[in-house]
Amino acid sequence: MKPTSFWAAPILSVLFFGLFVGIWHFSTQQTLGEVTVDPEYAALIGAQAATGGQSAMPGPLDVGAKLWEHIRDPFYDRGTNDKGIGTQLIYSIGRVLIGFALAALVAIPLGFVIGMSPLIYKALDPFIQVLKPISPLAWMPLALYTIKDSNISAVFVIFICSLWPMLVNTAFGVASVRKDWLNVARTLEVSSLRTAFQVILPAAAPTIMTGMRISVGIAWLVIVAAEMLVGGTGIGYFVWNEWNNLSITNIISAILLIGLVGMMLDTMLAQLARAVTYKE
Amino acid sequence: MSLPNPFDPDVKLHRGGCSCGHHRNQAEHDQAHAQDQRQQQDRLVEGAVMRALFPRDAERRRFLKTVGAGTALAAISSIFPLGLAKEVFAETNGPLEKTKLSVGFIPITCATPIIMAHPLGYYSKYGLDVEVVKTAGWAVVRDKSLAKEYDAAHMLSPMPLAITIGAGSNPIPWTMPAVENINGQAITLAMKHKDKRDPADWKGFKFAVPFDYSMHNYLLRYYLAEHGLDPDRDVQIRAVPPPEMVANLRADNIDGFLAPDPVNQRAVYDGVGFIHLLSKEIWDGHPCCAFAASREFVTGMPNTYQALLKAILDATAYARKPENRKEIAAAIAPANYLNQPVTVVEQVLTGTFADGLGNIVRDPDRIDFDPFPYESFAIWILTQMKRWGQIEGDVDYSKVASEVFLATDAARLMKEVGMDTPTDPVMAFSVMGKPFDPSKPEAYVESFPIRRT
């Protein structure tokens, strides 16, 4: 096969993007028809409603303008319920990182124990299997009711959703460390603590990192929904607040930024994962 | 308690502990201090009364010794309203127990007094630093209030009743010191039902109301039942948070809703629906949303509670005047509060609005603001809860009503901010022409052919 040029993929990406925006632009473009109602009435309703239609989907130009407006002034503060999109993203990222860190603190040691002891693995397996598939948002009412603090509840939801992939992956990674290496450690009379840190941990690290990467992805997905439920601050609240205003341009801007931040989080963990991979 | 006094030698220097060292933190110290002050005030009043009754010391001592302090107190209370005197004294002098408050609201025009008191400065006028927090839905408002994240909140007027009697949650004594708005709701239908104006044609419709325990739910059920439709069998009624209603109507998920404004007007603005009927045509002067707080807050922080209530009553008085409505609309429309186009809010508040069918309707009573929590409102709400099976068994209608709807407090404070108050907290009214007698709630429930009892 002929090697493709370095620029082929980026050029194709730009082409796809252009095609998408073009289709979007032309499908949402609309010529406002004649105003069919009397001008006094028309002043009371939206521009599209005045011509007998419904307010429509915004085009890419509207969204671009809105996005630029947000990026130009990301940290404004016009009161408790109206803060810049940058501030909202920071709130959300903060919640995700706290919940994720707490989950890592619990999941990795616990996963280690489960992975090293088949007995504990078998004993805990039914619980993990039942708890794992529960949608994290289902925990929300229970969390609000028992924790009695919406902020901690949101962090708890992140905690619970990032817990399982890390736990399962750590246990799997630890359990599948090659027996030869453990045997070598044993013949050299390495203490079990040292074995854990110097043999098992590096050996299982790539699998653990994969779990963490899955977790952070899920956490970022869930935080938006959680904040839409609880409100207050965060990018999810921003989306909800703009839904309230039926402002599709704002919602699309937020969606783009949510995607970008999600990608950033994933890339960061991918870098970390690359640092711990090894060749056998 | 915001800024420490720089000239105070006992001012708290470290985290933990308080200025006198007897309490765990400054807040506890302040609270104990306020209590001490209250006790001292009480003593002062008692002392003044005793001295007025027994000017000679020896005589007073002899009286107290012979009958005992408790009996003396009871005897004096019977001829002199000692408790009232103490209360009156406390009202004028009490320091605020807490100045930084958090009040939750749902972004709808019903909450106008609670919201506008913030940009128009009513809270600061009474020495309070209130943060008004927008909330995603009624269940969240309830949970955050129960969790004490909110000191007080905007609720639907049936909610404090439901919380108190434990319908939909554990029973916790809740109070409703003031009604926010009267009227101001509407039935909106999707554009495609433009020709189906007779409710008899609505079989199979899907309707949305903001919450199960809402005036909207009871009014819609009442309206449908009066037109011969069984709200549980002939149509579907589901709870949808107000902000999501227009989106759902647009997506054809529902055929219509009985909703608070600006949702109705927003549906017209976006060309999605039309206003079929204003709720005032079902019951003119019906209460809708409420200012609600836990009984714990009302009794535990009486001065703060009164200052907060007065700020809201003052704002309500301002909102009553039609000439102020445009200014209020501009103040509460921005993203920090309702997040709606100004014209939508203005049409709701002024009552000059587009109905979605090409007509401009002028009805200055579309929404009004009357804070007085008539106990008969509560009784009517309870009859409807009973009627639709939300509560079962015997209900002590008037007892619950008077415990939750704090009519006496409202009347006193309304006078203080210069509003007219009704003399009787029980008022008879009629809903769709059918008179309601608050003294016979049980008979009223039984009088409906369509009911779940």
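Residues numbered from 1 in each chain as written. Chains lettered and ligands numbered in written order. Predicted model: local features only at pLDDT ≥ 70, side-chain atom pairs only at ≥ 80, totals over all residues. Heavy atoms only, no water.

- Chain B is annotated in an unreviewed UniProt entry as Nitrate/nitrite transport system substrate-binding protein of Thiocapsa roseopersicina.

- As recorded by an unreviewed UniProt entry, chain A carries the name Nitrate/nitrite transport system permease protein and is attributed to Thiocapsa roseopersicina.
- Per UniProt, the comment on chain A under Sequence similarities (unreviewed entry) is "Belongs to the binding-protein-dependent transport system permease family." (UniProt positions renumbered as here; feature names shortened; annotations may be inferred.)

**Side note on the environment of I379 of chain B**
Move 1: You can see I379 of chain B is positioned in helix α16 (residues 375–387).
Move 2: Residues I379 of chain B and D396 of chain B lie 17 residues apart in sequence; the distance between their C-alpha atoms is 9.4 Å. (Helix = DSSP H or I, 4+ residues; strand = E, 2+ residues; numbered from the N terminus.)

**Considerations on the sheet that holds strand β8 (residues 236–239) of chain B**
Residues and elements named next belong to chain B.
Move 1: Reading across from one edge, β8-β7-β9-β6-β10 is the order of the five strands in this open sheet, with mixed pairing throughout. Two strands bound the open sheet, and with one partner strand each, they are β8 and β10 (273–278). In this sheet, adjacent strand axes meet at a mean angle of 25° when their direction is disregarded.
Move 2: As paired elements, strand β6 (residues 185–190) and β10 share five bridges and run antiparallel to each other. Considered in β10, the bridge of A186 is made with L278.
Move 3: Where helix α10 (residues 242–250) meets the sheet, its contacts fall on β6, β7 (206–209), β9 (256–260) and β10, and the angle it forms with β9 comes to roughly 155°. (Pairing = 2+ DSSP bridges. Axes fitted to C-alpha atoms, helices over the stretch in contact; angles between N-to-C directions. Contact = heavy atoms within 4.5 Å.)

**Considerations on the pattern of salt bridges**
All names here are of chain B.
Move 1: Applying the stated criterion to the full structure yields 26 salt bridges over all chains.
Move 2: Here K310 ties to E416 by a salt bridge, and the two come within 2.6 Å at their closest N and O atoms. Of this pair, K310 sits in helix α13 (residues 302–320) while E416 sits in helix α18 (residues 407–416); the two residues are 106 residues apart in sequence, bridging distant segments of the chain.
Move 3: E416 sits in the partly exposed class, given a relative accessible area of 43%.
Move 4: Salt-bridge contacts for E416 lead to R412; the nearest nitrogen and oxygen are separated by 4.0 Å. With E416 and R412 both in helix α18, this residue pair falls four residues apart, about one helical turn.
Move 5: Residue R412 is classed as partly exposed on the basis of its relative accessible area, which comes to 26%.
Move 6: In the salt-bridge network here, residues are joined through shared partners; they are R221, D230, D232, R233 and R452. (Salt bridge = Lys/Arg side-chain N within 4 Å of Asp/Glu carboxyl O. Buried < 20%, exposed > 50% of the residue type's maximum accessible area, 1.4 Å probe, protein only.)

**Thoughts on the packing of helix α5 (residues 85–116) of chain A against helix α6 (residues 118–131) of chain A**
All names here are of chain A.
Move 1: Across the interface, α5 lies against α6 with an axial gap of 6 Å and an inter-helix angle of 120°. Accordingly, the angle class assigned to the pair α5 and α6 is oblique. In this structure, α5 uses V113, I114 and M116 to contact α6, whose residues at the interface are P118, I120, Y121, L124 and I128.
Move 2: Among the residues forming the contact of α5 with α6, the class breakdown is eight nonpolar, no polar and no charged. (Parallel < 35°, antiparallel > 145°, perpendicular 65-115°, else oblique. Nonpolar A, V, L, I, M, F, W, Y, C, P; charged D, E, K, R; others polar.)

**Observations concerning the interface of chain A and chain B**
Move 1: The interface of chain A with chain B comprises 34 residues on the first partner and 44 residues on the second.
Move 2: Each partner contributes to the roughly 3,200 Å² buried at the junction of chain A and chain B, and carbon and sulfur atoms together form 49% of this total.
Move 3: Applying the counting rule to chain A against chain B returns zero salt bridges.
Move 4: Run the count over chain A and chain B and you get five residue pairs in polar contact (both at pLDDT 80 or more).
Move 5: Those elements that place two or more of their residues in the side of chain A that touches chain B are α2 (39–42), α7 (139–147), α10 (192–230) and α11 (235–244) of chain A.
Move 6: When residues in the side of chain A that touches chain B are grouped by element, the largest group, six residues, is from α11 of chain A.
Move 7: Counted by class, the side of chain A that touches chain B contains 15 nonpolar, 13 polar and six charged residues. (Buried area = accessible area lost by both parts, 1.4 Å probe. Polar contact = N/O pair within 3.5 Å; in protein donor to acceptor, adjacent residues only side chain to side chain.)

**What to know about the nonpolar core**
Move 1: Core analysis: the largest hydrophobic core is formed by 118 residues, its most contacted members being Y123, L161, I187, W202, L308, W380 and M385 of chain B.
Move 2: At ten residues, the largest contribution of residues to this core is made by α13 of chain B.
Move 3: Per-domain counts for this core show at least three residues from each of domain 2 (100–181 + 288–430) and domain 3 (185–281) of chain B.
Move 4: Not counting chain neighbours up to four residues away, the residues in contact with L308 of chain B comprise L101, V103, Y123, L128, V130, A152, F291 and F297 of chain B.
Move 5: L67, F100, V239 and I251 of chain A belong to the second-largest nonpolar core, a separate cluster that totals 52 residues. (Core = buried A, V, L, I, M, F, W, Y, C linked by side-chain atoms within 4.5 Å. Domains from an automatic or database assignment.)

**A word on the pairing of strand β1 (residues 100–105) of chain B**
Residue and element names in this part refer to chain B.
Move 1: Counting buried residues in β1 gives five out of six residues, a clear majority hidden from the surface.
Move 2: Inspection of the sheet shows β1 paired to strand β2 (residues 129–134) by six bridges, in the parallel sense. Within β2, the position partnered with G104 by the bridge is V133.
Move 3: Here β1 runs beside strand β3 (residues 152–156); their pairing, made up of two bridges, is parallel. The partner of G104 across the bridge, within β3, is A153.

**Focus: the side chain of Q88 of chain A**
Residues and elements named next belong to chain A.
Move 1: Structurally, Q88 is set in helix α5.
Move 2: By relative accessible area, Q88 is classed as buried at 2%.
Move 3: Within polar-contact distance, the side chain of Q88 engages the backbone nitrogen of G234 at 2.9 Å.
Move 4: Once residues lying within four places of it in the same chain are set aside, the contact partners of Q88 are K83, T233, G234, I235, Y237 and F238.

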